[in-house]
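Inside the fold
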There are 2 protein chains.
Amino acid sequence: MAAKVLQTNFDVDYVVTYRMCDDKAKGIAQFQKLIRVLNQVGLTTEVRRGDETSLLIFLKAADEKILADVVYRSRIRDWLHGIRQIQPVSDTARALTAEPLTQAERYRQIHHMITCSPEDGGAGITPQYGEWEQVEAIFPLHDHVKNKRWLTEFSRKTFLTPEDLDEIRDTMGEKIAYYYAFIQSYFTFMTFPAAFGFSCWVLLGKFSPVYAIVNGLWTVVFVEYWKRQEQELAINWGVKNVSAIEGKRKEFVPEKTATDPITGEKIAFFPAKKRLQRQLLQIPLALLCVVALGVVICTCYAIEIFISEIYDGPLKSILVFLPTIILTLAVPTISSHLTQFAELLTSFENYETQEAHDKAMVSKVFVINFITSYTAIFLTSFVYVPFATLLVPYLDIFSLTAKPFVNDEKQVEIPSPATFTINPNRLRDQMIYFAVTAQIVNFGMETIVPLLTQKGTKKYKEMQSSRAEKSAGAAPSISASDPPEEKEFLTRVREEAALPEYDVTTDLREMCIQFGYLSLFSVIWPLTPVCYFINNWIEIRGDTFKLTVESRRPTPERADSIGPWLDSLEFLAWLGSITSAALVYMFNGGNGPDGKPHAIKLWALLLSVFLSEHIFLVVRVLVRTAISKLDSAAQRKERSERFMVRKKYLEDAGLADAIKPLASAPNSPLVDSDGAQAFSNITRESLEEDARQDSLQDSDPSGRFWKRQRSGRESEQVGLGLIDLMDLGSRDKKKQ
Amino acid sequence: MAAKVLQTNFDVDYVVTYRMCDDKAKGIAQFQKLIRVLNQVGLTTEVRRGDETSLLIFLKAADEKILADVVYRSRIRDWLHGIRQIQPVSDTARALTAEPLTQAERYRQIHHMITCSPEDGGAGITPQYGEWEQVEAIFPLHDHVKNKRWLTEFSRKTFLTPEDLDEIRDTMGEKIAYYYAFIQSYFTFMTFPAAFGFSCWVLLGKFSPVYAIVNGLWTVVFVEYWKRQEQELAINWGVKNVSAIEGKRKEFVPEKTATDPITGEKIAFFPAKKRLQRQLLQIPLALLCVVALGVVICTCYAIEIFISEIYDGPLKSILVFLPTIILTLAVPTISSHLTQFAELLTSFENYETQEAHDKAMVSKVFVINFITSYTAIFLTSFVYVPFATLLVPYLDIFSLTAKPFVNDEKQVEIPSPATFTINPNRLRDQMIYFAVTAQIVNFGMETIVPLLTQKGTKKYKEMQSSRAEKSAGAAPSISASDPPEEKEFLTRVREEAALPEYDVTTDLREMCIQFGYLSLFSVIWPLTPVCYFINNWIEIRGDTFKLTVESRRPTPERADSIGPWLDSLEFLAWLGSITSAALVYMFNGGNGPDGKPHAIKLWALLLSVFLSEHIFLVVRVLVRTAISKLDSAAQRKERSERFMVRKKYLEDAGLADAIKPLASAPNSPLVDSDGAQAFSNITRESLEEDARQDSLQDSDPSGRFWKRQRSGRESEQVGLGLIDLMDLGSRDKKKQ
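Parameters at a glance
Residues numbered from 1 in each chain as written. Chains lettered and ligands numbered in written order. Predicted model: local features only at pLDDT ≥ 70, side-chain atom pairs only at ≥ 80, totals over all residues. Heavy atoms only, no water. Least-squares fit on C-alpha atoms with pLDDT ≥ 70 in both. Contact = heavy atoms within 4.5 Å. Domains from an automatic or database assignment. Buried area = accessible area lost by both parts, 1.4 Å probe. Salt bridge = Lys/Arg side-chain N within 4 Å of Asp/Glu carboxyl O. Helix = DSSP H or I, 4+ residues; strand = E, 2+ residues; numbered from the N terminus. Expected span 1.5 Å × (residues − 1). Buried < 20%, exposed > 50% of the residue type's maximum accessible area, 1.4 Å probe, protein only. Pairing = 2+ DSSP bridges. Axes fitted to C-alpha atoms, helices over the stretch in contact; angles between N-to-C directions. Disulfide = S-S within 2.5 Å. Nonpolar A, V, L, I, M, F, W, Y, C, P; charged D, E, K, R; others polar. Phe/Tyr/Trp six-rings, centres within 6.5 Å; stacked < 30°, edge-to-face > 60°. Lys NZ or Arg CZ within 6 Å of the ring centre and 35° of its normal.

Brief notes about the relation of the copies chain B and chain A
Placing chain B over chain A gives an RMSD of 0.1 Å and needs a rotation angle of 180°, together with 0.0 Å of translation along the axis. Taken together, these values place the two copies in the relation of a two-fold axis. The C-alpha atom lying nearest the rotation axis in chain B is that of B:Trp603; the distance is 1.9 Å. Take the interface residues of chain B: 98% of them recur as interface residues in chain A, which is what a same-surface contact looks like.

This is the structure in structure tokens:
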């Protein structure tokens, strides 16, 4: 679909889109400042027309020496923070040749030059924020040759190789590479539950305890394996501890600025206690989420049951879609409002670093997603199926509302608890929906719809401009004045500039939620992992398509993990041990609950949950310990590297012998060899005599004590004398 | 009791006791080797007579220069491993004056000289192991002045001050200081539950849910606080990450020795998988512990109940002590056998470092102690009280055994389930036993008995030697030949040499088990914390007495935490949330279980346990997060220190400007200021014309692209021209 592949990017490193504001004078002044500031940090600029009211500013490093300097400083910083072990070559000029930059690194460095604050030597441009509100976006250009190759290659193979991951890392940066590594590990790991789930489906049927145990075990092993894998990748990619370099948030509002008494450094300070108080607002926020989303979902759920299982009036075939429509409209609206609230709260919590901010935000987003994703199926499992017979009759409140639409004769019949029977397939159908339908819909929304929108918009614009050209002949098409040899290139850049940003957290969240279904509910329908396995094969390719064709190329970022989503995975695996046990207890053996609560023995339910959870926790400790004990190539590499660095440092500083053993103590009175004979005429008495004489001259008791035996030889002689005095034989006698 | 305080140690750093073996020639050869080796590493020796068959070898650093060298090397090592931030002064001679050694450090360094392997520059003496089997002990001498001051001072105050802890650290090393810091924090924290427990006892009575909640909360806060405190102390004491310097175990048997391909270092290698397999043996060991100890304890428990509550035959008053006697004899025997098993297994697991070995050992010891300490009260709570009426009648198997001792007429009456009533006070009585009696007994066993034994042995020896002198006049008393001015000193050293070693893990274990009672069962009797509060005041003083008077002075060791006991504390706090909830549910409200199982609703019990546990886990996450967010003085200090070190490094290397901002890019084409006027005659057309001409000379499309605007000024001009072309007004029109 990326129709024609343009072979060159004209060496452009970055593109800045500058949107003119209505106040022309202000816009011009700011534009001039922008160009100046960019040139000042060492970037060459070329300006071209963007769309109607925007300019495209092309940037590249003015000369490799400046870039080398920037790279060297960043490497020194990494080294001082312990991210890299090896001290960078001190010759700045050689920095780029000694360790060549990957594409991702180059873009990261240039992005740093553009965005970091003037105090740190950058241009300090903050898109869409503060004085740089006119700067719409800063982005690098796609490498279309590589993109096309990826799309073709990935669609031909089942598993991505480590080399593919390395290439993604070299092109897109570690943050995105971590997502690919994660989904790749997840996909590979899923071969097992997919195969096992299929066998269970054939042999054991639904709600098999065997499946639940194996599935639980699998979630533990996968999460613990991934944790390890994350660390290995961090070592291999040289990004371990990268989160320690704290990227300061520009929005951070310090309460006061203090000068550190020791370092003299200015520190922007915000009291932790105050932040803690603000964080307490998360509790009401979480409650709000539960109530707002909970009420909507529960209501729709109740309506749905009422219409599909009780209501028998007219328009049933239409009304049955009503709750789905309400849900589809209400839930995203409420979610987005709640997400906005969450964003406000996270900003209010006023974190100093971007990382802390993102982490706080992700945890809130997880709560919202957890509720929207799992409430319905929770209701079916733990409310509808066990209690439907008791609860459904109360749904006649809806029949009151429904009455006006119903003929008086054809009265809605409310089933008595005795006659009502639950729909035994509802739970399975729901799970199939989440495993199949929802995934397809999601793929469509995520990949197909943007593509169509994009194509549509393009066509619309083309039509509009051709019409404009035809009609008044007023403003000529923007591309008309492009130099012919750049025409193709500029068209492409304009297209890329119009694309949305790529956000990797959305994709990670999706995988997390999927993992949740697998861990929490897949015991309902053992084919779930099979569906997810297929889905994820497509997902990886779809995401690649989204990343390379449907989004602006993202600025490469470093990362040393998938971040807070890891905690979500752990939590979901844990929760899975509880829900799976409960589901198996309630539904196993065919004679599951029938909507009457007395059929379930609460103590047995609780006991199975309690046991399952604690077995899970114990197994987790065991798996964690076992995995942590296994040695890996990456760790060995890291250890030897560290050793070499230490050794080299000592050698450089002329201290090499400080780690070598002391061959012999330099001033030891015993350095001269042999001579046991030389002292053979020393007797204990003569020695003691010497000592007594010495002691007359020395009034210090310690001095006298240590002068009795003036050398090791003398100690030896005295010792031998003392041994002679010992009654060694008598000990044997006593023993007898 | 430390009768007379000797003011001087004659500058002795270390004492080595050398025990002669029966093979005199071998003993002499080894003794000679010992003296030579000690002198070779730079220690001065003095030999004196020990007891009948041993020698005392007094050691001190031969000269401060050698010691300074050793200290310098150790500091460099610390620095390379990141334990200290500041690079040590490179002038060896100044090492000791620039940063004076504490007593503990001095002893640690000298101990290192004596024990570390010859390859690392030490004498390689390993007491009671390998060729050094004859070396019985290596120990420093007590500082009697300081010891006496401690005993007096500590007995006068309630809380130890941070200065006291620092002094303990400076004298005894960090490992022991950590124990003191722990017990001190624990004792201080306990003021709260002691006061609260007392109020509960007065106002709410036993099994109060309020007490259980507050107590659970307290355990969480305490454990999390201590974790933090541990880290703070590590920073303050300069031992952070000290566990990273791995003390190699001399017993480690590598499977093969490989040469690292990168570093060329020889690495002794033992495959992790093989170790993992061996570690799996821990599972049968744990089961063995449960079975062996469990059977004994349960049997004794059953006998005790039988005798005290059912049996009414003759000798009851004597027989009632039978189970206690069996327990007192059997449990320590079985425990010690199991501990030996555990030791064997841990050795078999073949750890490379002493730390890993100790950790593995502690976890096994914890299992054994857990069973011996808590089984009895677990039985009372969760078997006897709920099920006694059902189970007790089965105890008549004992009456069969008892029959021979009973008159035929006076038949033992087996109560029928209807008539048997449980002893409602058993649980409380048992808890009081653990809170009061057991603590007193323990104190006696730990502090009083050793003192008496010591005094007794001394007296016995004195009597024996005076009798020997009187009788045959054969061998004169050993002390008779001591030089008069050393007489007192040597007597003291001989006494210290005869003392047992001090083992800090025993004391830590004791505190851990106590914490367990508090967390698991104190809801039974809210006065428990009050008793423990009092006990711990005495405990600190008793331990000081044990450390300073009843033990040889231990070699100072470094540590950065209390080690694996921390995990035990976390586990006990967690388990406490389960047992407390169960106890409160079963016994609250006075009408507790009466020995009939149907009185307890299992689902309600499980539900309360489930809720309690999960609330506990959530609260723990919250407390942990809150504590981790709070900033501390120690952490600030560490941060600024690290900052200073980095700054200094860059300054030294002449790289200071590498962290300063680039004032302006050196080769930027825009460095020369102003000139916007100079280019004002440039029009877009003229520029493009220039470009077109250039492009004729340049065949590379990128070159042509970037030459269109040859400077920032030109980009600016072109941009302004493009802005002029924009239809900015029309956008407003469209908006309307």
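What follows picks up the thread again.
Considerations on the domain arrangement of chain A
Residue and element names in this part refer to chain A. As assigned here, chain A comprises domain 1 (13-141), domain 2 (142-245 + 424-460 + 501-656) and domain 3 (248-352 + 386-421). One C-alpha centre belongs to domain 1, the other to domain 2, and the line joining them spans 35 Å. Domain 1 puts 19 residues into the contact, and the matching count from domain 2 is 24 residues. Interface area, domain 1 with domain 2, both sides summed: about 1800 Å², of which 55% is carbon and sulfur. On the domain 1 side of the interface with domain 2, the three residues burying the most area are Ile-83, Gln-85 and Arg-108, jointly 34% of the side's total. Counting across the domain 1 and domain 2 interface gives one salt bridge. As a salt-bridge pair, Asp-78 and Arg-558 come within 2.8 Å of each other at their nearest N and O atoms. Listing elements by their share of the side of domain 1 that touches domain 2, those giving two or more residues are helix H2 (64-80), helix H4 (103-115) and strand E4 (135-139). In terms of residue count, H4 provides more of the side of domain 1 that touches domain 2 than any other element does, five residues in total.

Observations regarding helix H16 (residues 484-498) of chain B
In a regular helix each residue adds 1.5 Å, so 15 residues correspond to 21 Å; H16(B) covers 22 Å between its end C-alpha atoms and thus fits that length. Every buried residue of H16(B) is accounted for by B:Glu486, B:Phe489, B:Leu490, B:Arg492, B:Val493, B:Arg494, B:Glu496 and B:Ala497. Along its buried surface, H16(B) packs onto helix H23 (701-707) of chain A together with strand E1 (14-19), strand E2 (43-49), strand E3 (54-61), strand E4 (135-139) and helix H5 (144-156) of chain B.

Some points on the sheet that holds E3(B)
Residues and elements named next belong to chain B. Here four strands make up an open sheet; going across it, the order is E2-E3-E1-E4 and the pairing antiparallel. Each of the sheet's edge strands pairs with one partner strand only, and the pair in question is E2 and E4. Between one strand and the next, the sheet's axes are offset by a mean angle of 20°, whatever the strand orientation. Pairing of E2 with E3, which is carried by seven bridges, proceeds in the antiparallel orientation. Of the residues in E3, the one forming a bridge with Val-47 is Ile-57. Strands E1, E2, E3 and E4 of the sheet are contacted by H16, whose axis makes an angle of about 105° with E3.

Points about the state of the cysteines
All names here are of chain B. Evaluated as defined, the whole model comprises zero disulfides over all chains. The thiol of Cys-298 is not disulfide-bonded; the next cysteine sulfur, from Cys-300, is found 9.5 Å away. With a relative accessible area of 34%, Cys-298 lands in the partly exposed category. On the accessibility criterion, Cys-300 (2% relative accessible area) is buried.

Describing the interface of chain B and chain A
Between chain B and chain A, the residue contacts involve 122 residues of the former and 120 residues of the latter. Of the roughly 10900 Å² buried where chain B meets chain A, counting both sides, 64% is carbon and sulfur surface. In this structure, the connection of chain B to chain A is made through four salt bridges. Its salt-bridge partner being B:Lys24, residue A:Asp724 comes within 3.0 Å of it at the nearest N-O pair. For the side of chain B that touches chain A, the class distribution of residues is 58 nonpolar, 25 polar and 39 charged.

A closer look at the pairing of E2(B)
Residue and element names in this part refer to chain B. E2 sits mainly inside the fold: seven of its seven residues count as buried. Side chains Leu-43, Thr-45, Val-47 and Arg-49 of E2 all project onto a buried face; the interleaved residues Thr-44, Glu-46 and Arg-48 project onto the opposite face, where all are buried too. The hairpin turn running from E2 into E3, its antiparallel successor, is four residues long.

Comments concerning the sheet that holds strand E3 (residues 54-61) of chain A
Residue and element names in this part refer to chain A. The four strands lie next to each other as E2-E3-E1-E4, forming an open sheet whose pairing is antiparallel. Of all the strands in the sheet, just strand E2 (43-49) and E4 have a single pairing partner and so form its edges. When the angles between neighbouring strand axes are averaged without regard to direction, this sheet yields 20°. Lying over the sheet, H4 contacts strand E1 (14-19), E2, E3 and E4, oriented at roughly 35° with respect to E1.

Overview of the packing of aromatic side chains
By convention here, two paired aromatic rings are described through the distance between centres and the angle between planes. By the definition in use, this model includes 80 aromatic pairs over all chains. Here the aromatic rings of B:Phe366 and B:Phe571 are separated by 6.1 Å at their centres, their planes lie at 85°, and the arrangement is edge-to-face. Here B:Phe366 is found in helix H13 (residues 354-391), whereas its partner B:Phe571 is found in helix H19 (residues 565-587), with 205 residues between them in sequence. Since its relative accessible area comes to 39%, B:Phe571 is described here as partly exposed. Pairwise contacts between aromatic rings join A:Tyr178, A:Phe182, A:Tyr186, A:Phe189, A:Trp218, A:Phe222, A:Tyr225, A:Trp226, A:Trp237 and A:Phe515 into one cluster. The residue whose ring lies beneath A:Arg278 is A:Phe348, and the NZ or CZ to ring-centre distance is 4.0 Å. Between A:Arg541 and the ring centre of A:Trp537, over which it is positioned, the NZ or CZ distance is 4.0 Å.

Some words on the pattern of salt bridges
In total, this model carries 64 salt bridges over all chains according to the counting rule given. When the shortest N-O distance is used, the salt bridge between A:Glu501 and A:Arg552 registers 3.9 Å. In this pair, A:Glu501 is assigned in the loop between helix H16 (484-498) and helix H17 (504-521) and A:Arg552 in the loop between helix H18 (528-548) and helix H19 (565-587), connecting sequence segments 51 residues apart. Its relative accessible area of 13% is what places A:Arg552 among the buried residues. Between B:Arg169 and B:Glu174 there is a salt bridge whose closest N-O contact spans 2.9 Å.

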